[in-house]
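Residue-level structural notes
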Amino acid sequence: MAGYKAFGIVSSADNSIHVEGLHDYRPIGAFSFIGRFRVIDFPISNMSNSGMDRIQVYVRSRPRSIAEHIGSGRHYNINSKRGKIQLLFSEDTNVNSIYNNDICAYSQNLDIIERMHQDYVIIAPSYMVYKQDFSELLKSHISSGADVTLLYHKVDNAKEYFQNCKIVNINRQKGISSLEKNLGTAKERNIFMDTYCMSKDTFVSLVKAAKELSSIYTLADIVNLKCKDLDIRGYQHRGYFASLLSLSDYYKASLELLDYSVASDLFRPEWPIYTRTTDSCPTQYFETAKVSNSFISNGCLIEGTIENSVVGRGVTIKKGAVIKNSIILAHVTIEEGVYIENTIVDKWARIIHVKDIRGTEDHPQYIKRRDTL
Amino acid sequence: MAQNEMLAMILAGGRGSRLKDLTNKVAKPAVYYGGKYRIIDFPLSNCANSGIDTVGVLTQYESVLLNSYVANDGRWGLDSRDSGVYVLTPREKADEGLDVYRGTADAISQNIDFIDNYNPEYILVLSGDHIYKMNYAKMLAYHKEMGADATIAVRPVPMKEASRFGIMNTDGKGRIVEFEEKPKKPKSNLASMGIYIFSWKLMRKMLVEDMNNPNSDHDFGKDIIPRMLSEKRNLFAYEFKGYWKDVGTIDSLWEANMDLLDPKNELNLNDSSWLIYTEDVSILPQYIGKEAKIKRAYITQGVRVEGSVTNSVLFTGAVVGKGAKVVDSVLMPGAVVEEGATVTRALVAENVRIGKKVKIGSRNSEEIELVAKSVKGGTK
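Residues numbered from 1 in each chain as written. Chains lettered and ligands numbered in written order. Predicted model: local features only at pLDDT ≥ 70, side-chain atom pairs only at ≥ 80, totals over all residues. Heavy atoms only, no water.

1. Focus: the overall build of chain A
Of regular secondary structure, chain A possesses 9 helices and 28 strands. Computed over the C-alpha atoms, the radius of gyration of chain A is 21 Å, within 12% of the 21 Å expected from 2.2 N^0.38 for a compact globule of 373 residues. The principal-axis extent of the C-alpha atoms belonging to chain A is close to 65 × 50 × 40 Å. Burial status across chain A gives 60% buried among its 373 residues. Of all intrachain contacts in chain A linking residues separated by at least 6 positions in sequence, the fraction that spans at least 24 positions is 60%. Summed over its atoms, the accessible surface of chain A is roughly 15,200 Å², and 44% of this surface lies on carbon and sulfur atoms. (Helix = DSSP H or I, 4+ residues; strand = E, 2+ residues; numbered from the N terminus. Rg over C-alpha atoms; globule rule 2.2 N^0.38 Å. Buried < 20%, exposed > 50% of the residue type's maximum accessible area, 1.4 Å probe, protein only. Contact = heavy atoms within 4.5 Å. Areas by Shrake-Rupley, 256 points an atom, 1.4 Å probe, with all protein chains shown as cover.)

This is the structure in structure tokens:
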């Protein structure tokens, strides 16, 4: 098991990233995902299921929702005596400052990183969704003798999607020759999953080297620069993969899971995705309810019509309301006769007076948290 | 409430044999209810929400599952310092050997040493197999206000049904003057709910005496309460209004589940100020498929519906296949109704599979059909 050898770092999205609307209220890791989960449940569950029980979660801004959600980490099956989930911040830097990046956070907490007993580190992002056994990644990393191993996913839709992601260029020897931004110029790309495996010593020296070269270099920047000097390899991921670095990617990724075979591949009984329970009761469907092809969370009261949508906990859909191709977050109320299509409705919003809200497949509409329309 | 002012003891030893195969391997308090709960979640959550810190659970019949279930006290938030849920099964004692619990009172008597550890002022004695939401702190306030030695929770039942219950006759000011078990000619309609608050000092003394009384059945209803009345103790009835159900039979368990479908159901499990806590599961939300039709249903996470569901309650991980029909039924956790099968007026037990095109139950059946074993489907 990787647990004896590697500790985990769950990283935050770069400060250049801003997901419309949702991101104003919480970091991407705290975004709701298919109703009852939050995005950060995926990397933490991957680590926990891989036997890793020392996990550092780096939060760049607005820590409340993440801190509340992670708590003691007990619901992630982390033993509170032997294991630990730590929340770490870059403490003295302005949230929006260009200085506030991952290297800044790591170097401010370098003493804590250096004190970890594990020889290896696995770094996974809090803003991507995938299932990966990290002990397999570590095994491959160790047996290859590489300095750094990067997880990537081969896609054929990099033109429209995977905005703000990086791609890896792979040379003939299966080494990584460079990392660069996905500019959407080609369909087929190897998307970098912002997931790294390396020894703790390599990690510490990369953090120091980045800091020395430029005050605003990120870990990806320094890894890219070191492609010539270090043995950096790729490890291909297979299965469901979503990056949530833009609103349309979030929207597309959520609705993609309505294909039950895709969802059930991500949620295997032997690879549970843990989350914090809210103890909501089951959902009640009334006489007039019409629901199809949708994921519905607990605690909802449904009298209206729902099609191809994801509905969070404690949502009320009144009689005659129609929800299509939409994501409704927790505790939203949709009043009688309201029509909603291609829209993301943030938590606690109430749609009462406005009867028609539509976005498009490519540009979903976003309704603010706690808003009344 | 001050720390351990009142200790709760939940009687959870009963089998509930009229629940047939559902209680072959588990005691009645562990039976599933309401989509995601077990019955014992109700008294335990009530304790937690009433500010009670320490709860003893007295188990006996098929107690393995129940013991491990309730020992996980964090589920109900009963895991802070000085708080906990303790499983108390009959145990061998140095001078007496091993005794089973001979009655409800004896179950408490045999654990006097446990209760003494906490030195409570009051003890609350509950049944582990009733479905209701109740604030025991309010009942305790009433107990104190009346200066009672014992307070018994009662609820009004229809007069014509009163002869099926233990009936408390009061003097109009709440003082209990007479207790009649299943009276032929009831004088009142206040039925005992099997929820007692006792001032511990007196009760401890009475229990020690009762233990050594060879003529006693060691039962609160049969022995302790009548004796208190004959000794002219202060016994008060605390009237409870609200949903309460003792699900003794398959029909009543089914009915209690169906009650949840009523938009105005009194139990209201959606009340965020009085949540019922239970086991947590790592599972997908409920998925309602492309051709699914759902009307009047109570459905929990992990369920997958591809067929049609009407007037039914579906528990964690239940599956309704394409073209399958589930009507007026309860599907317990992991129950699967395969393609084209029809389930009507039935209760399908945990992990039972109803095979393709199989027909179970009928609309006009007198009794609810319990399906406790998988049924193989047709080969067509």
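2. Points about the confidence of the model for chain B
Here chain B averages 91 in pLDDT, and 98% of its residues register 70 or above. Taken together, the chains of this predicted complex give a pTM of 0.91 and an interface ipTM of 0.90. (pLDDT = per-residue confidence, 0-100.)

3. Brief notes about the interface of chain A and chain B
Each partner contributes residues to the interface: chain A has 34 residues there, and chain B has 38 residues. Across the chain A to chain B interface the summed buried area is about 3,000 Å²; carbon plus sulfur atoms make up 50%. Three residues stand out in chain A for area buried against chain B, namely A:Y260, A:D279 and A:Y285, and they jointly supply 21% of the buried area on that side. Taken together, chain A and chain B are joined by 4 salt bridges. Here A:E287 makes a salt bridge to B:K295, at a shortest N to O gap of 3.8 Å. Viewed at the interface, chain B and chain A are joined by 20 residue pairs in polar contact (both at pLDDT 80 or more). Those elements that provide at least two residues to the side of chain A that touches chain B are α9 (260-266), β14 (283-285), β15 (290-292) and β16 (294-296) of chain A. Looking at the side of chain A that touches chain B residue by residue, the classes come out as 18 nonpolar, 12 polar and 4 charged. Both β14(A) and strand β17 (residues 293-299) of chain B contribute to a ladder of 3 bridges, which runs antiparallel. Note on β17(B): the bridge partner recorded for A:Y285 is B:A297. (Buried area = accessible area lost by both parts, 1.4 Å probe. Salt bridge = Lys/Arg side-chain N within 4 Å of Asp/Glu carboxyl O. Polar contact = N/O pair within 3.5 Å; in protein donor to acceptor, adjacent residues only side chain to side chain. Nonpolar A, V, L, I, M, F, W, Y, C, P; charged D, E, K, R; others polar. Pairing = 2+ DSSP bridges.)

4. Side note on the packing of aromatic side chains
Residues and elements named next belong to chain B. Counted by the stated rule, this structure contains 28 aromatic pairs over all chains. Aromatic pair Y86 and Y118: ring centres 6.2 Å apart, planes at 45 degrees, arrangement tilted. Residue Y86 is found in strand β5 (residues 84-88), and its partner Y118 is found in helix α4 (residues 112-118); the two are separated by 32 residues along the sequence. Residue Y86 is classed as partly exposed on the basis of its relative accessible area of 31%. Exposure remark for Y118: the relative accessible area of 23% places this residue in the partly exposed category. (Phe/Tyr/Trp six-rings, centres within 6.5 Å; stacked < 30°, edge-to-face > 60°.)

5. Observations regarding the pairing of β5(B)
Residues and elements named next belong to chain B. In terms of strand pairing, strand β4 (residues 54-58) meets β5 through 5 bridges, oriented parallel. For T54, the partnering residue across the bridge sits in β5 and is G84. Regarding the hand of the β-α-β motif, the stretch spanning β4, helix α2 (residues 64-71) and β5 is right-handed. (Right-handed = clockwise from strand over helix to strand, strands pointing away.)

6. Things to note about the environment of A:R74
Note that A:R74 resides in the loop between α2 (64-70) and β5 (84-89). Along the sequence, A:R74 and A:N169 sit 95 residues apart, while their C-alpha atoms lie 39 Å from each other. Every residue in contact with A:R74, bar those within four places of it in the chain, is listed here: B:N72, B:G74 and B:D79.

7. Observations regarding the sheet that holds strand β23 (residues 336-337) of chain B
Taken in spatial order, the 10 strands make up an open sheet running β28(A)-β25(A)-β22(A)-β19(A)-β16(A)-β16(B)-β18(B)-β20(B)-β23(B)-β26(B), and their pairing is mixed. The open sheet has two free edges, formed respectively by β28 (365-367) of chain A together with β26 (353-354) of chain B, since each of these has just one partner strand. Here 2 bridges tie strand β18 (residues 304-305) of chain B to strand β20 (residues 319-320) of chain B, and the two strands are oriented parallel to one another. Note that in β20(B) the partner of B:V305 across the bridge is B:V320.

8. Here's the deal with the sheet that holds strand β27 (residues 356-358) of chain A
To summarise the sheet geometry, strands pair through backbone hydrogen bonds and adopt either a parallel or an antiparallel arrangement. All names here are of chain A. Ordered in space as β15-β18-β21-β24-β27, the 5 strands form an open sheet in which the pairing is parallel. Pairing within the sheet leaves two strands with one partner each, and these edge strands are β15 and β27. The average angle at which neighbouring strand axes cross in this sheet is 5 degrees, direction not considered. Bridge count between strand β21 (residues 322-324) and strand β24 (residues 339-341): 3 bridges; the pairing is parallel. If you follow K324 over to β24, its bridge partner there is E341. (Axes fitted to C-alpha atoms, helices over the stretch in contact; angles between N-to-C directions.)

9. Let's talk about helix α7 (residues 220-230) of chain B
It helps to recall that an α-helix has 3.6 residues per turn; residues three or four apart then point in one direction. Residue and element names in this part refer to chain B. Those residues of α7 that fall on the buried side of the exposure criterion are F220, G221, D223, I224, I225, M228 and L229. With a side-chain oxygen positioned 2.9 Å from the backbone nitrogen of G221, the residue opening α7 is D219. Phi turns positive one or two residues past the end of α7, at K232, with a value near 60 degrees.

10. So, the packing of helix α6 (residues 200-211) of chain B against α7(B)
All names here are of chain B. Relative orientation of the contacting elements α6 and α7 amounts to 120 degrees, with a least axis distance of 12 Å. With respect to α7, the axis of α6 lies oblique. Considering the relative orientation of α6 and α7, their crossing is right-handed. Contacts between α6 and α7 involve L202, M203, M206, L207, E209 and D210 from the first element and F220, D223, I224, R227 and M228 from the second. (Parallel < 35°, antiparallel > 145°, perpendicular 65-115°, else oblique. Left-handed = near helix turned anticlockwise from the far one by under 90°.)

11. Re the pattern of salt bridges
One pass over the full model with this rule turns up 31 salt bridges over all chains. Where A:E287 meets B:R296, a salt bridge forms, and the shortest distance between an N and an O atom there is 2.2 Å. Taken together, the residues A:E287 in the loop between β14 and β15 and B:R296 in strand β17 connect one chain to another. Among the residues examined, A:E287 registers a relative accessible area of 39% and is labelled partly exposed. Judged by relative accessible area, which is 28%, B:R296 ranks as partly exposed. Among the charged side chains, a network of salt bridges with common partners joins B:E209, B:R227, B:E231 and B:R233.

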